[in-house]
Each structure stands twice: as structure tokens, then as C-alpha cells.
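# Coordinates in review
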Amino acid sequence: MDIEIVAKALKELGHPTRLAIYKSVVRAGYQGIAVGGLQEKLDIPGSTLSHHVSGLASAGLISQRREGRTLFCVAEYEKLTSVIGFLQDECCFDETCDNEEQ
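Okay, so let's go over this structure. (Residues numbered from 1 in each chain as written. Predicted model: local features only at pLDDT ≥ 70, side-chain atom pairs only at ≥ 80, totals over all residues. Heavy atoms only, no water.)

## A few points about the overall build of the protein
We count it as follows: Numbering of helices and strands runs from the N terminus; a helix is a DSSP stretch of H or I covering at least four residues, while a strand is a stretch of E covering at least two. Each radius of gyration reported is based on C-alpha atoms, and the globular scaling rule is 2.2 Å times the count of residues to the power 0.38. For the exposure calls, accessible area comes from a 1.4 Å probe over protein chains only, and a residue counts as buried if that area is under 20% of its type's maximum, exposed if over 50%, partly exposed in between. Any two residues whose heavy atoms approach within 4.5 Å are treated as being in contact. The method behind every accessible area is Shrake-Rupley, applied with a 1.4 Å probe, and residues are considered shielded solely by the protein chains displayed.
A count of helices and strands for the protein gives six helices and three strands. Against the 2.2 N^0.38 benchmark of 13 Å for 102 residues, the protein shows a C-alpha radius of gyration of 17 Å, more extended than a compact globule. Overall size of the protein, expressed as C-alpha extent along the three principal axes, is 65 × 25 × 20 Å. Put simply, the protein has 102 residues, and 31% of those count as buried. Long-range pairs, those at least 24 residues apart, make up 59% of the contacts in the protein between residues at least 6 apart in sequence. Element-wise, carbon and sulfur atoms account for 52% of the exposed surface of the protein, whose accessible area totals about 6900 Å².

Here it is as C-alpha cells:
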């Protein structure tokens, strides 16, 4: 995964309000959560919520779907897995093994 893509995702998650929104969306599962439900749950003004949801969507962390008049936010779990994997794949990569030195 490209470092610029990961950096954008982590930047969006680095804001406390967006992280709280994303956590709620992830917890909602594959059916997602209605924007109105997010607004009520997190007590965020609609315009502020819209701004933060837009940032998460532009980073590919969530998608939106409309059912009638209701707009749902759905976590893009593959993107989440890719971002986490990007960091985990580097774990201890440069560490030398003590057994090799003997």
C-alpha cells in the first residue's frame, strides 16, 4: 500500500471527533449506521458531522449508501485492514536475530 494513502487515512483518524465517528461506524458492522443515528449518539451538530464524514470518506475509510431518505455510513473494512497491515508488516523487520550472531 502506498505510504501517501496510509498517511491520509491516519491523518483523518488522528482527529478525536473523526476517530469517535469511525469507531461508531466500525462498531455498527456491515449494515452501517444512519447519519442521524451518529449525530444523536455522538451529539455532534449536523454540519460538523458532515465535514468529518466527508474527510473519512475521502480517505476511503467509509462509504455511504442511501436508503430512501436515510443516509448510512459503512466502514470500509478492507481499507482498515490494509492500513493496519501496512504497519504490522514492518514490525521488527530491521531487527537482527540473536541466533544469527552466534
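Having seen it, we continue.
## Section: the pairing of strand S3 (residues 70–75)
The condition that has to hold: Note: two strands are recorded as paired if DSSP finds a minimum of 2 bridges between them.
Where strand S1 (residues 33–34) and S3 come together, two bridges link them in antiparallel fashion. Within the sheet, the bridge partner assigned to Ile 33 lies in S3 and is Cys 73. Sheet topology note: the strand S2 (residues 62–67)/S3 ladder contains six bridges and is antiparallel. By the bridge assignment, Arg 65 is partnered in S3 with Phe 72. Hairpin geometry of S2 and S3 is characterised by an intervening segment of two residues between the two adjacent antiparallel strands and by a positive phi of about 65° at Gly 68.

## Re the sheet that holds S1
Strands sit in the order S1-S3-S2 across an open sheet of three strands; the sheet is antiparallel. Of all the strands in the sheet, just S1 and S2 have a single pairing partner and so form its edges.

## Thoughts on the packing of aromatic side chains
Ring pairs (aromatic) are described by centroid distance and by the angle formed between their planes. Put simply, the test is: Centres within 6.5 Å are what make two rings of Phe, Tyr or Trp a pair, Trp counting through its six-membered ring; a difference in plane orientation under 30 degrees is then read as stacked, over 60 as edge-to-face, and the rest as tilted.
Under the definition given, this model contains one aromatic pair. Ring plane angle 55° and centroid distance 4.7 Å describe the contact between Tyr 30 and Tyr 77, whose orientation is recorded as tilted. Within this pair, whereas Tyr 30 is found in the loop between helix H2 (16–28) and S1, its partner Tyr 77 is found in helix H5 (residues 77–88), the two being separated by 47 residues in sequence. Residue Tyr 30 is classed as exposed on the basis of its relative accessible area, which comes to 67%. With a relative accessible area of 18%, Tyr 77 lands in the buried category.

## Comments concerning H2
Applied cut-off: Here, expected helix span is obtained from the residue count minus one, scaled by 1.5 Å. By construction, the arc corresponds to the directions joining the helix axis to the C-beta atoms.
Between its first and last C-alpha, H2 extends 18 Å over 13 residues, near the 18 Å set by a 1.5 Å rise per residue. Residues of H2 that are buried: Arg 18, Ile 21, Tyr 22, Ser 24, Val 25 and Ala 28. An end-on view of H2 places all buried positions within 160° of arc, on one side of the element. Those residues of H2 that are exposed and aimed more than 90 degrees away from the buried face are Pro 16, Lys 23 and Arg 27. Looking one or two residues past H2, Gly 29 carries a phi angle of roughly 85°, positive in sign.

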